[in-house]
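# Structural characterization, general
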Amino acid sequence: METRQLEYFVAVAEELSFTRAAQRMFAVQSTVSAAVRALETELGTRLFDRSTRRVALSAAGAAFLPEAKSAIEALERARATVQEASEGLRGSLRIGTLTSIGTVDLPALLGAFHRRYPRVDIHVTVSITGSTGLAEEVRQGRLDAALVGLPAADLAGLDVLRVDTRPFVALLPATHRLAQRRALRLADVADEPFIDMPRGFGNRVVMDRAFDALGLSRRVTVEVADLRTVPGYVRAGLGIAVIPETPGQEEPDVVVRPLAGGGLDWPLNLVTAGAKPPSRALRTLLDLIAADRAI
């Protein structure tokens, strides 16, 4: 049984497509198919149920998947340990992040890490499904760590490092009937059209639950993936927004108001898989981030 066979099997299992797995592994499809067939022959069982329309894991394949991942990870750790002994810290890190994280300077942190440990390969990505998608990518092992804006109740199976906490604030056009209020309640704006993130984004999750808890409904008429674009839509009169407080929200013709009573906060967490110990590279990065937050 070869490492490459296991890697091809895991790729097909996660993509449920030999074509996408081949693209992901930078290989031709026939090579991936041949490697999986050879693995099935060696194991004496079918790992996938194949048809002309779909590829699905068999019962044996589903049972084998976590073992294959563990074997690959063990080999990677062994290889990294030997290489580190002679060349210093190395490995790879797959980091997920949000489109806008405000007070956390992730590029600077990763840049400092890269200068100190240039042999660690860093890959940074975002998810089109926001924090919910990023958290699931970590659970599935596709990411080593991710910055997510979800509360602890949504982070089962993950280890959590709190990076930041920000209050929610209301953004209104300067000409809005409520713009002169010093603070606003959610009930004050429930009937307004809202500008918010798409479903699955952390602050949207928190806000939807806050309205549900009050027994209120609301209309989200504009959905954008970047918090930095929200004030522009508010200024244009397309709605109001209740979003985490971030630098730069004070724009011409837009007023920012706190929520009366407080208590509604947006958590920014760094999450890693709870089921396995972090690699040396990931542990080192986590220590760097924790030290930066303590300053």
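See above for the structure.
A few points on the structure. If you're wondering where the values come from, they're calculated on a predicted model, not measured in any experiment. (Residues numbered from 1 in each chain as written. Predicted model: local features only at pLDDT ≥ 70, side-chain atom pairs only at ≥ 80, totals over all residues. Heavy atoms only, no water.)

Before going further, it helps to examine the pairing of strand 6 (residues 158-173). Direction of pairing for strand 6 relative to strand 11 (residues 265-273): antiparallel, over a ladder of 9 bridges. The residue bridging Val-160 from the neighbouring strand is Val-271, located in strand 11. Note: strand 6 against strand 9 (residues 241-244), 4 bridges, orientation antiparallel. Bridge assignment links Ala-170 to a residue of strand 9, and that residue is Val-242. The sheet contact formed by strand 6 and strand 10 (residues 254-258) spans 5 bridges and is antiparallel. Counterpart to Ala-170 in the pairing with strand 10 is Arg-257. (Pairing = 2+ DSSP bridges. Helix = DSSP H or I, 4+ residues; strand = E, 2+ residues; numbered from the N terminus.)

A few words now on the environment of Thr-81. Structurally, Thr-81 can be placed in helix 4 (residues 59-87). For Thr-81, a relative accessible area of 34% puts it in the partly exposed group. Sequence separation between Thr-81 and Ala-11 is 70 residues, and the spatial gap between their C-alpha atoms is 25 Å. (Buried < 20%, exposed > 50% of the residue type's maximum accessible area, 1.4 Å probe, protein only.)

Read these as spatial facts, not as claims about activity.
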